[in-house]
Amino acid sequence: MLTPYLAFARKSFLGRSAYRFNHFMGILNTIVQIFIFWEIYQALYHGRGEIDGVTMSMVTTNFVLSICLGAVFTVDDFYLPYRIGNGSIATELLLPVSFKGRMLADNLGNAVFQLVFHFIPALFVAAVVVGIDTPYSFPMFVLFIFSALLGYGVLWSISFAVQMSSFWLINVWSIVTIKNVFVNVLSGSMIPLWFMPDWMDSIMRFLPFSSIYFTPVQIYLGELSYREIGEKCMIQIIWIFLIYLLGNFLWERGKKKLVVQGG
């Protein structure tokens, strides 16, 4: 039944709304990031209409959407490590609900809050001041939303698999940091993948990171045909499935070796 997980998601949503100062600072942080990237690319383009067929408006749309989606795609990489560290995982595993379902519900509640009170205000300010391209068409906008949901699924699955290392490591901060670097650089959020060299593009086809942000942005801009969109979305689904299987395998192995001392 979904009822307990909806309750967990609602609790997470309401928990975020209690810290209004953090909420406003989060919006400000997103807007500042957008303006910093905008100034950087303004300097790089230096009045030129396009570079290698990529216009300034395309680049602006890419980093605005990626940064705003990044604000929504917040996952708690320390959800499991924190509970293993303080020993509460032992009690939570006895509850009549799936711990993994709880983890996902908590993240989704946070993501919905970020979407309503963070993504929309930041995107509105960016669209008015910086300016972004409108969706290529309404069908493409709907497919963009669908692909963005799958992109979140890819990111959550990666976080889920990384957190499983906490069964074997005392501190997972370094692994989480490495994961975040790969996501930020290879997802297209910091550097649009249009500017990557051909040899790196071939490698990234076999990695899940471009499925998080760059695929939805390509759909939004109308760069992909319907056939290519179907292929990209299928790749996203496959990555979610494969990475979740890996994480679940580590979860089952980790539970068997879990030892909690004290409380």
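Residues numbered from 1 in each chain as written. Predicted model: local features only at pLDDT ≥ 70, side-chain atom pairs only at ≥ 80, totals over all residues. Heavy atoms only, no water.

1. Let's talk about the overall build of the protein
For clarity, the cut-off: Strands are runs of DSSP state E lasting at least 2 residues, helices are runs of H or I lasting at least 4, and numbering of each runs from the N terminus. Note that the radius of gyration is over C-alpha atoms, with the globule rule given as 2.2 Å times the number of residues to the power 0.38. Only protein chains enter the area calculation, which uses a 1.4 Å probe; residues under 20% of their type maximum are buried, those over 50% are exposed, and those in between are partly exposed. Two residues qualify as a contact provided that any one of their heavy atoms is within 4.5 Å of a heavy atom in the partner residue. Note that accessible areas follow from Shrake-Rupley with a 1.4 Å probe, and for residues the cover is restricted to the protein chains shown.
Along its length, the protein carries 11 helices and 2 strands. For the protein, the α and β elements follow one another from N to C terminus as α-α-β-β-α-α-α-α-α-α-α-α-α. Its C-alpha radius of gyration of 20 Å places the protein within 12% of the 18 Å reference for a compact globule of 263 residues. Over its C-alpha atoms, taken along the principal directions, the protein stretches across nearly 65 × 40 × 35 Å. With 263 residues in all, the protein has 43% of them scored as buried. Excluding contacts between residues fewer than 6 apart, the proportion of contacts in the protein whose partners are at least 24 apart in sequence is 80%. Accessible surface, the protein: about 14200 Å² in total, of which carbon and sulfur atoms supply 69%.

2. Observations concerning helix H8 (residues 173–186)
The periodicity of an α-helix, 3.6 residues per turn, causes residues three or four places apart in sequence to face the same way. To keep it simple, the criterion reads: Given the number of residues in a helix, its expected span is that number minus one, multiplied by 1.5 Å.
For H8, spanning 14 residues, the distance from its first C-alpha to its last is 20 Å, which sits close to the expected 20 Å at 1.5 Å a residue. Phi for glycine 188, located one or two positions after H8, is positive at around 90°.

3. Quick look at the side chain of glutamine 163
Formally: Throughout this description, a polar contact denotes any pair of N or O atoms lying within 3.5 Å of each other; where both atoms belong to protein, one of them has to be capable of donating a hydrogen while the other can accept it, and for residues adjacent in sequence the pair is counted only when both atoms sit in side chains.
Following the sequence through the fold, glutamine 163 ends up in helix H7 (residues 138–163). Using a relative accessible area of 2% as the deciding quantity, one classes glutamine 163 as buried. Separated by 3.1 Å, the side chain of glutamine 163 and the backbone oxygen of aspartate 76 make a polar contact. When near neighbours in sequence (up to four residues on either side) are disregarded, glutamine 163 contacts Asp76, Asp77, Phe78, Tyr79, Leu80, Pro81 and Met103.

4. A word on the nonpolar core
So the rule is basically this: Nonpolar cores were defined as sets of buried Ala, Val, Leu, Ile, Met, Phe, Trp, Tyr and Cys residues, with membership established by side-chain atoms within 4.5 Å.
Grouped together as the largest cluster of nonpolar side chains are 65 residues, with contacts concentrated most on Ile34, Phe63, Phe73, Leu80 and Ile212. Looking at this core, the elements that each hand over two or more residues are helix H2 (20–45), helix H3 (56–72), helix H4 (79–86), helix H6 (99–129), H7, H8, helix H10 (214–220) and helix H11 (226–257). The contacts of isoleucine 34, once residues within four sequence positions are left out, are Phe63, Val64, Ile67, Cys68, Ala122, Ala126 and Val130.

5. Some thoughts on a nonpolar patch on the surface
The test is simple: What goes into a patch is any residue over 30% in relative accessible area without a salt bridge, connected to like charges within 9 Å or, for nonpolar side chains (Val, Leu, Ile, Met, Phe, Trp, Tyr), within 5 Å. In what follows, salt bridge is the name for a side-chain nitrogen of Lys or Arg lying within 4 Å of a carboxyl oxygen of Asp or Glu.
Taken together, the side chains of Phe21, Met25, Leu28, Val32, Ile36, Ile40 and Leu44 define a hydrophobic patch exposed on the protein surface, amounting to about 670 Å² of accessible area. Within the secondary structure layout, isoleucine 40 lies in helix H2.

6. Structural notes on the pattern of salt bridges
Throughout the structure, instances matching the rule amount to 5 salt bridges. Of the charged contacts in the structure, one is a salt bridge between arginine 227 and glutamate 231, with a shortest N-O distance of 3.2 Å. Of this pair, arginine 227 and glutamate 231 both sit in helix H11, 4 residues apart, which is roughly one turn of the helix. You can call arginine 227 exposed: its relative accessible area is 63%. Linking lysine 255 and glutamate 252 is a salt bridge whose minimum nitrogen-to-oxygen distance equals 3.7 Å. Here glutamate 252 and lysine 255 lie together in helix H11, a separation of 3 residues that amounts to about one turn.

7. Comments concerning the side chain of serine 66
One can find serine 66 in helix H3. Looking at serine 66, the relative accessible area reads 1%, which means it is buried. Looking at serine 66, its side chain comes within polar contact range of the main-chain oxygen of asparagine 62, at 2.7 Å. Those residues in contact with serine 66 that sit more than four places away from it in its chain are Gly188, Ser189, Tyr213 and Val217.

8. Some points on the packing of aromatic side chains
Applicable threshold: By convention, a stacked pair of Phe, Tyr or Trp rings (six-membered ring in the case of Trp) has centres within 6.5 Å and planes under 30 degrees apart, an edge-to-face pair has planes over 60 apart, and any other such pair is tilted. Placement of a charge over a ring requires the Lys NZ or Arg CZ to be within 6 Å of the ring centre, with the centre-to-atom vector within 35 degrees of the ring normal.
Counted according to the given criterion, the structure contains 18 aromatic pairs. The interplanar angle of 15° and the centroid separation of 5.6 Å between the aromatic rings of phenylalanine 73 and tyrosine 213 together place this pair among those described as stacked. Of this pair, phenylalanine 73 sits in the loop between H3 and H4 while tyrosine 213 sits in the loop between helix H9 (198–204) and H10; the two residues are 140 residues apart in sequence, bridging distant segments of the chain. Judged by relative accessible area, which is 8%, phenylalanine 73 ranks as buried. Members of the aromatic cluster, joined through ring pairs, are Tyr79, Phe99, Phe167, Trp168 and Trp251. Across the ring face of tyrosine 79, the terminal group of arginine 83 is positioned such that the distance to the ring centre comes to 3.8 Å. Just above the ring of phenylalanine 8 sits the side chain of arginine 102; from NZ or CZ to the centre is 4.6 Å.

Distances and angles like these do not, on their own, reveal function.
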